[in-house]
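Architecture and fold: a report
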Amino acid sequence: MSGCDHCTVLHGVCCHCGSSVDGQQIFKRCGHWVVRHGRCCRCGSPQPNCLPFDYISQGLHLSYEFVGSAKRLVTENSLRRKKKLHLVLGLQCILVHCRHVSRLSNGEKYLLEEIESRDDLWVVEALDVLVKLRPFVREFLREANEMFTMYVYTHLSPEWAEAALKFLDPQNVYFRHRVITCPDNTYDMKTLDLVLAEERGVVIIDNRCRAWWPEHRRNLRPIASYGYFEPRRTVVDVAKSIKRKLFGCVTNQNIPIHRDESEKDGALANALAFLKTVHEKFFRYVHQDTVYPRDVRVFLHP
């Protein structure tokens, strides 16, 4: 077919026009943009130096050039047409708190009896995990979704993340495929390189600044950690426990001690108020043609 540039070729046949294409000709002009399981999808050559995007499709890697172009297109479309920024959220101790059922203390085991009567607790039997939603999280996601395209970025395993999100976003409305977990990240720290949006249009909500690459910390709005379950015991705690057992000291271990965050004045409610302010300032008095060059980081750290 005349005019076809044969941009997608499989086994020597163009997927668009169906004509045979010489492999050497493709290789000379191929940009190796899309790679599956280590080989370029167009010319078939090995391409080890690409960014991993397994959270989109297993085995998918994209070239730095392709990712840069995709970031620009996604950001421009999001800002001009949807009036949405991008929001990257941590999961554990930000939106939920997860704990192995077997690691619940004696003072926490009563929670297992309350699961049926509560809508903020859920047990994942296959993983032996109890999931607790942070107060106000459902309202936070519903309202933030109107202003942002949202990602989850967590160091949890894919199984744990899936279990938490099945409870948090059962209809897959908020995050869809945009869930980056530990195996997806080949780096020791979190990076916006794996988020398909330009950094100047991205806000991060996380509890650990040092978990992110230094050049991306300007995008971060810190949030207080959420800990519903008892902290993991230290050596000092173990020593005190042994002392109580040896000397018969009185303990309140079996007394329910949980106090949850406030719905109205908690960390997520305050974070949502901040995000609303940032979104309003970013798009205030801006024409459709002038919004694209703006940088949200100016409003995060005025």
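Below or above, wherever it landed, is the structure these notes cover. (Residues numbered from 1 in each chain as written. Predicted model: local features only at pLDDT ≥ 70, side-chain atom pairs only at ≥ 80, totals over all residues. Heavy atoms only, no water.)

**Some details on the side chain of Arg297**
To keep it simple, the criterion reads: A helix here means a DSSP run of H or I that spans at least four residues, while a strand means a run of E at least two residues long, and both kinds are numbered starting from the N terminus. Working rule for contacts: check all heavy atoms of both residues, and any pair within 4.5 Å makes them a contact.
Relative to the elements of secondary structure, Arg297 occurs in helix H7 (residues 297-300). What Arg297 contacts, discounting residues up to four positions off in sequence, is Glu199, Arg200, Arg218 and Asn219.

**A short note on the pairing of strand E11 (residues 148-153)**
Selection criterion: Partly exposed residues are those whose accessible area sits between 20% and 50% of the maximum for their type, while under 20% is buried and over 50% is exposed, using a 1.4 Å probe and protein chains only. A pair of strands is considered paired only if DSSP assigns at least 2 bridges between the two. Handedness of a crossover is defined as follows: orient the strands so they point away from the viewer, and if the path from the first strand over the helix to the second runs clockwise, the crossover is right-handed.
Of all the six residues making up E11, six are buried; the element is thus mostly covered by neighbouring parts of the structure. In this sheet, E11 lies alongside strand E7 (residues 85-89) in parallel orientation, the contact comprising five bridges. Within E11, the residue paired with His86 across the bridge is Thr149. Looking at chain direction, E11 and strand E12 (residues 179-180) are connected through two bridges and run parallel. Across the sheet, the residue bridging to Val152 is Val179, located in E12. Once the chain exits E11 it traverses helix H4 (residues 158-168) before rejoining the sheet at E12, and the crossover so formed is right-handed.

**Let's talk about the sheet that holds strand E10 (residues 129-133)**
Heads up, the rule is: Convention adopted: a line fitted to C-alpha atoms gives each axis, helices being fitted over their contacting stretch, and angles between N-to-C directions are expressed from 0 to 180 degrees.
One open sheet holds the three strands; their spatial order is E8-E10-E9, and the pairing between them is antiparallel. Each end of this open sheet is capped by a strand with a single partner; those strands are strand E8 (96-100) and strand E9 (121-124). When strand polarity is set aside, the average angle formed by the axes of neighbouring strands in this sheet is 20 degrees. Summarising the sheet, E8 and E10 pair through five bridges and their orientation is antiparallel. Its bridge partner lying in E10, His97 is registered against Lys132. Along the sheet, H4 contacts E8, E9 and E10; its crossing angle with E8, the most-contacted strand, is approximately 130 degrees.

**Overview of the pattern of salt bridges**
Inclusion rule: Any Lys or Arg side-chain nitrogen located within 4 Å of an Asp or Glu carboxyl oxygen qualifies as a salt bridge.
On inspection of all chains with the given rule, the structure shows 12 salt bridges. A salt bridge links Arg134 to Glu261; the shortest N-O distance between them is 2.8 Å. Here Arg134, found in the loop between E10 and helix H3 (137-144), pairs with Glu261, found in the loop between helix H5 (235-247) and helix H6 (267-283); they are 127 residues apart in sequence, far enough to count as distant. Judged by its relative accessible area of 1%, Arg134 is buried. Exposure remark for Glu261: the relative accessible area of 24% places this residue in the partly exposed category. The salt bridge partner of Arg297 is Asp295, with a shortest N-O separation of 2.9 Å. By relative accessible area, Arg297 is classed as buried at 14%.

**Some thoughts on the sheet that holds strand E5 (residues 51-52)**
One open sheet holds the four strands; their spatial order is E4-E3-E6-E5, and the pairing between them is antiparallel. The open sheet has two edge strands with one neighbour each: strand E4 (39-40) and E5. Taken together, the two bridges between E5 and strand E6 (residues 60-62) define a ladder with antiparallel strand orientation. Looking across to E6, one finds that Leu51 is bridged to Leu62. The strands touched by helix H2 (residues 64-82) within the sheet are strand E3 (34-36), E5 and E6, with E6 carrying the most contacts at an inclination of about 85 degrees.

**Some words on the state of the cysteines**
One way to say it: the disulfide is the covalent bond shared by the sulfur atoms of two cysteines. As a reminder, the rule being used: Any two cysteine sulfur atoms within 2.5 Å of one another count as a disulfide.
Overall, the coordinates contain zero disulfides when judged by the stated rule. Cys50 takes part in no disulfide bond, and the closest cysteine sulfur to it belongs to Cys40, at a distance of 8.3 Å. Take Cys50: its relative accessible area is 11%, and that puts it in the buried class.

**Topic: the nonpolar core**
For the record, the criterion: Think of a nonpolar core as a cluster: buried Ala, Val, Leu, Ile, Met, Phe, Trp, Tyr and Cys residues, connected wherever their side-chain atoms sit within 4.5 Å.
Ranked by size, the top nonpolar core spans 52 residues in total, and within it Leu87, Leu91, Leu95, Phe140 and Phe175 carry the most contacts. Contact partners of Phe175, with chain neighbours within four places excluded, come to Leu89, Leu95, Leu141, Met150, Tyr151, Val152, Leu165 and Asp169. Within the second largest apolar cluster, 21 residues are counted, among which are Val67, Val88, Leu192 and Val195.

Everything listed here is a matter of coordinates, which is why it stays silent on function.
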